[in-house]
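# Topology and contacts: notes
Spelled out, the chains give:
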Amino acid sequence: MIQRDGAMISLWQGNIFAFTPKSKVDPRLVYDVIIVGGGITGISTALSLQEAGKKCLVLEKEILGFGTTGGTTAHLNTLLDTPYTTIQKNFSEDDAKLTAKAVQKALRLIHERVNRFAIPCGYKEQQAFLYAQNEEQEKELDEIAKASEAAGIDLTYTTEIPFPIPFTKAIQVNGQASFSPLHYLYGIAEAFEKAGGTIVEHCRVTGVEETEPLKITTDAGTFKARDLIYATHIPPGVNLLHLRCMPYRSYAMAVTLQDYEYPDGLSYDMVDPYHYFRCQEINGKKYLIAGGKDHKTGHEENTRHLFETLEAVVHRYFNVKGIAYRWSSQYYEPADGLPYIGHLPGHPQNIYVATGFGGNGMTYSNVAAITLTGLLTGRDDRYAKLFNPNRLKPVAGFVNFIQHNADVVKQFAGKIFSGEKISGWSALARDEAKLIKEEGQKIALYKDDKGILHGVNPSCTHLHCDVNWNNAEQSWDCPCHGARYSMDGKVLTGPADRDLEKIALDDPGNKKHS
Ligand code: FES
């Protein structure tokens, strides 16, 4: 099992051993491209660039697949979360066609790599089914079908779906697929290293000097590159993109079925937020994967409860034998419906970003690989204009910079709370968290299942919103731009790149924190 950015174990992380990079970084070298982030976007892009003749270095602050690639439900689809109706409306009919071309090309790239590198990731071509369950949804389905077909998506109406779910009208979309994302990620990481690329794990970027070449400081040394790509899900620092990408959590479970009737296909209802189902065989065992119950990060008081509501939906339609895995994961919804891939606004032209993939992260990861490779090699920028992050209108007076090295004001430096105070706080039940105020300062407290108190300053190190407790993943989640921290304040998810301030608690009944 590998580590992930949450306390719950995903189907993928529970069925794989960690990848071990074999490549060695050369700090004297000026790399052509440094890619920050070792998820599917970072590694896919790095492999494309390396194969295009660029010398690439990937820096990952934890391990490959630690973030959303280890928590996705891995639908490879051209039927997008942002319907083609919305892309036509917000952009144009031609842009909807270009988007369809881009996502189709992305799926072909993934398929080609599965074959070329013989990656044992359970890749399977699938059909997707979108179904309406009432008249209102039927009308919306008709509009989506019309716009998707006009964009070039291969679909038909169908009177049957392979899932035991009642519906009134449905479409079947061809040319979709599914796979095990971590097996795929490790397969392309190996191919990247074989092609001469370098991967460094446990390497947090702490600063970027925007010089020629760029100097990237990390906790494992300083590296130089001509170009830099943030494939970190959302870029760090403070940027317009944080105002245009809304963080969401989505909930998933992998269940086994009594009757062993695991349907083929990807299926989506039209409830808001919608539910999604598919099956996957992994390490010789089949699972039904269900997902849904999405909400804005940090905006839900009882995240555990969402698993119960998702479970009720699964039991309604399927003969469940057991629930093998439950987990949640994060995605960023773009303001206008399309991802932001290209030059990072407010920075030199050689700093790039890929973010705002919505619920189509697996597909858009490879759109990013294609678009960024086109941009950085100057060979093809067909998609660059469409996904250009600078399509955002500048906000007057907005401070637009990345400041990794800014000092955080330590409010609790040198302060240790007394046993008397802590015993008051100890009234917390085990596995309970709350925000309290002490001597005018807010403290985020969590008592773990061993009765040990953990205290942090709740002020998010990104832009200082107060974090909220996520009881499902045992993390402190920021409701503003989606940064997430462990119970002890360690950054799990950006855009924050500095940990929450830990509070020293000194009590005989507690372990000593420093
Ligand atoms: Fe921006 Fe917390 S993530 S303030």
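As a reminder, the structure under discussion sits directly above these lines.
Just so it is clear, the model here is predicted, and its values are computed rather than measured.

### Regarding the packing of helix 1 (residues 40-51) against helix 5 (residues 181-194)
Across the interface, helix 1 lies against helix 5 with an axial gap of 9 Å and an inter-helix angle of 30 degrees. Comparing their axes, helix 5 and helix 1 come out roughly parallel. When you trace helix 1 past helix 5, the crossing you get is left-handed. When helix 1 is examined against helix 5, the residues Ile40, Ile43, Ser44, Ala46, Leu47 and Gln50 are found in contact with a partner set consisting of Tyr184, Leu185, Ile188, Ala189, Ala191 and Phe192.

### What about the pairing of strand 2 (residues 56-59)?
Residues Cys56 and Val58 line one face of strand 2 and the alternating positions Leu57 and Leu59 line the opposite face, and both faces are buried. Each parallel crossover has a hand, and for strand 1 (residues 30-36) linked through helix 1 to strand 2 it is right-handed. Relative to strand 7 (residues 198-200), strand 2 runs parallel, the two being bridged by three bridges. Across the sheet, the residue bridging to Leu59 is Val200, located in strand 7.

### Here we look at the layout of surface pockets
Taken as a whole, the largest pocket spans an internal volume of roughly 760 Å³. In terms of lining residues, the largest pocket is bounded by 27 residues, among which Asp81, Thr82, Pro83, Asp272 and Tyr274 are the most central. Sorting the residues of the lining of the largest pocket by element identifies helix 2 (84-90), helix 4 (135-151) and strand 15 (320-334) as the ones contributing at least two each. Of the residues contributing to the lining of the largest pocket, the split by class is 15 nonpolar, five polar and seven charged.

### Side note on a negative patch on the surface
A cluster of acidic residues, Glu136, Glu140, Glu143 and Asp272, forms a negative patch on the protein surface. The class for Asp272 is exposed, based on a relative accessible area of 76%.

### Things to note about the pattern of salt bridges
Tallying each qualifying case throughout the model produces 20 salt bridges. Here Arg4 makes a salt bridge to Asp5, at a shortest N to O gap of 3.4 Å. The pair Arg4 / Asp5 is uniform in exposure class, with both members buried. A salt bridge links Asp466 to Lys442; the shortest N-O distance between them is 2.5 Å. On the criterion of sequence distance, the pair formed by Asp466 in the loop between strand 21 (453-456) and strand 22 (468-470) and Lys442 in strand 20 (residues 441-447) is long-range, its members being 24 residues apart.

### Side note on the state of the cysteines
A full pass over the atoms with the stated rule returns one disulfide. Paired through a disulfide, Cys465 and Cys480 show a sulfur-sulfur distance of 1.9 Å. Across the S-S bond linking Cys465 and Cys480, the dihedral sits near -95 degrees, which makes this disulfide left-handed. Of this pair, Cys465 sits in the loop between strand 21 and strand 22 while Cys480 is found in the loop between strand 23 (475-477) and strand 24 (484-485), placing the two residues 15 residues apart along the sequence. The exposure class of Cys480 is partly exposed, given its relative accessible area of 29%. Counting only cysteine sulfurs, Cys56 is the nearest neighbor of Cys203, a cysteine outside any disulfide, at a range of 15 Å. For Cys203, a relative accessible area of 1% puts it in the buried group. Considering cysteine sulfurs only, Cys480 is the nearest to Cys245, which forms no disulfide, with 15 Å between them.

### Some details on unusual backbone geometry
Residue Pro213 follows Glu212 across a cis peptide bond; omega there is -5 degrees. Checked against the element boundaries, Pro213 lands in the loop between strand 8 (205-209) and strand 9 (214-218). Here the amide bond leading from Asp272 into Pro273 is cis, since omega sits at -5 degrees, within 30 degrees of zero. Residue position: Pro273 is located in the loop between strand 12 (266-268) and strand 13 (276-282). Unlike most non-glycine residues, Ala74 shows phi in positive territory, near 55 degrees. Take Ala74: it is sitting in the loop between strand 2 and strand 3 (75-76). Judged by relative accessible area, Ala74 falls into the buried class, the value being 0%. Even without glycine at this site, His202 takes up a positive phi of about 50 degrees. For His202, the location among the structural elements is in the loop between strand 7 and strand 8. Judged by relative accessible area, which is 53%, His202 ranks as exposed.

The rules behind the values
Residues numbered from 1 in each chain as written. Predicted model: local features only at pLDDT ≥ 70, side-chain atom pairs only at ≥ 80, totals over all residues. Heavy atoms only, no water. Axes fitted to C-alpha atoms, helices over the stretch in contact; angles between N-to-C directions. Helix = DSSP H or I, 4+ residues; strand = E, 2+ residues; numbered from the N terminus. Parallel < 35°, antiparallel > 145°, perpendicular 65-115°, else oblique. Left-handed = near helix turned anticlockwise from the far one by under 90°. Contact = heavy atoms within 4.5 Å. Buried < 20%, exposed > 50% of the residue type's maximum accessible area, 1.4 Å probe, protein only. Right-handed = clockwise from strand over helix to strand, strands pointing away. Pairing = 2+ DSSP bridges. 1 Å grid on protein atoms, 1.4 Å probe; cavity = no way out; pocket = protein on both sides within 12 Å on 5 of 7 lines; lining within 4 Å. Points joined across faces, edges and corners; volume = space filled by probe spheres on them. Nonpolar A, V, L, I, M, F, W, Y, C, P; charged D, E, K, R; others polar. Patch = residues over 30% accessible without salt bridge, like charges linked within 9 Å, V, L, I, M, F, W, Y side chains within 5 Å. Areas by Shrake-Rupley, 256 points an atom, 1.4 Å probe, with all protein chains shown as cover. Salt bridge = Lys/Arg side-chain N within 4 Å of Asp/Glu carboxyl O. Lys, Arg positive; Asp, Glu negative; His and termini not counted. Charge placed at Lys NZ, Arg CZ, Asp CG, Glu CD. Disulfide = S-S within 2.5 Å.

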